[in-house]
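Chain and residue survey
Okay, here's what each chain looks like letter by letter:
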Amino acid sequence: METRWATVDGVYLQLPDDCTVEQLRDELHKPEDAVLVAVTGDLVSVVHTDDRALSEMVAGCADTYYFRRPSDDDRNEILAAPEIKRALADPTDDETTFQRPGIDH
């Protein structure tokens, strides 16, 4: 099984390539209502499915992940993005991907 390094909620650790949100949440003792937000380059993905391997989604390319609960305060510009709230209110696929806030093209 391949592994790679990523930052999850500020901690740098190894993740198996076939890791799912559910496995990651369990290993890190995150609450069930916490959604995974993945940041890769200029993209942000909100993951809506817990049992699909991250490597099968855009979220699998991320180097930074955050778990966000509905009751959490916005910890940074990414987690404060209004697109996250919209994605959580109306998920249409396994993940919702949008351009990272603050990136101009």
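Rules behind the numbers
Residues numbered from 1 in each chain as written. Predicted model: local features only at pLDDT ≥ 70, side-chain atom pairs only at ≥ 80, totals over all residues. Heavy atoms only, no water. Helix = DSSP H or I, 4+ residues; strand = E, 2+ residues; numbered from the N terminus. Polar contact = N/O pair within 3.5 Å; in protein donor to acceptor, adjacent residues only side chain to side chain. Contact = heavy atoms within 4.5 Å. Phe/Tyr/Trp six-rings, centres within 6.5 Å; stacked < 30°, edge-to-face > 60°. Buried < 20%, exposed > 50% of the residue type's maximum accessible area, 1.4 Å probe, protein only. Salt bridge = Lys/Arg side-chain N within 4 Å of Asp/Glu carboxyl O. Pairing = 2+ DSSP bridges. pLDDT = per-residue confidence, 0-100.

Some remarks on the side chain of Thr64
- Structurally, Thr64 can be placed in strand S5 (residues 64–68).
- A distance of 3.3 Å separates polar atoms of two side chains, one belonging to Thr64 and the other to Asp63.
- Not counting residues up to four positions away in its chain, the partners in contact with Thr64 are Thr7, Val37, Ala38 and Val39.

Things to note about the packing of aromatic side chains
- Under the defined criterion, the tally for this structure stands at 1 aromatic pair.
- Centre to centre, the rings of Trp5 and Tyr12 are 5.1 Å apart; their planes meet at 20°, and the pair counts as stacked.
- A relative accessible area of 45% means that Trp5 is categorised as partly exposed.

Re the pattern of salt bridges
- Overall, the coordinates contain 7 salt bridges when judged by the stated rule.
- Ionic pairing is found between Asp9 and Lys30, a salt bridge with its closest N-O pair at 2.9 Å. Of this pair, Asp9 sits in the loop between strand S1 (3–8) and strand S2 (11–16) while Lys30 sits in the loop between helix H1 (21–27) and strand S3 (35–40), and the two are 21 residues apart along the sequence.
- Across the pair Arg75 and Asp9 runs a salt bridge, and its minimum N-O distance is 3.3 Å. Of the two residues, Arg75 is situated in the loop between S5 and helix H2 (82–89) and Asp9 in the loop between S1 and S2; the sequence distance between them amounts to 66 residues.

Remarks on the pairing of strand S4 (residues 43–47)
- Within S4, 4 of the 5 residues are buried, leaving the element largely enclosed by the surrounding structure.
- The antiparallel pairing of S3 with S4 creates a hairpin that spans 2 residues between the two strands, and Gly41 there sits at a positive phi of about 60°.
- Here S4 pairs with strand S6 (residues 95–99) via 5 bridges, running antiparallel. When the bridges of S6 are listed, Val47 appears paired with Glu95.

Digging into the confidence of the model for the chain
- The pLDDT averaged across the chain works out to 90; a share of 95% of its residues lies at or above 70.
- Mean pLDDT across the elements of the chain ranges from a minimum in S1, with 89, to a maximum in S4, with 96.

Notes on the side chain of Thr40
- Looking at the secondary structure, you find Thr40 in strand S3.
- Here Thr40 falls in the buried class, since its relative accessible area comes to 18%.
- Polar contacts involving the side chain of Thr40 include one to the main-chain carbonyl oxygen of Cys61, which spans 3.2 Å.
- When sequence neighbours within four positions are dropped, the list of residues in contact with Thr40 reads Val58, Cys61 and Ala62.

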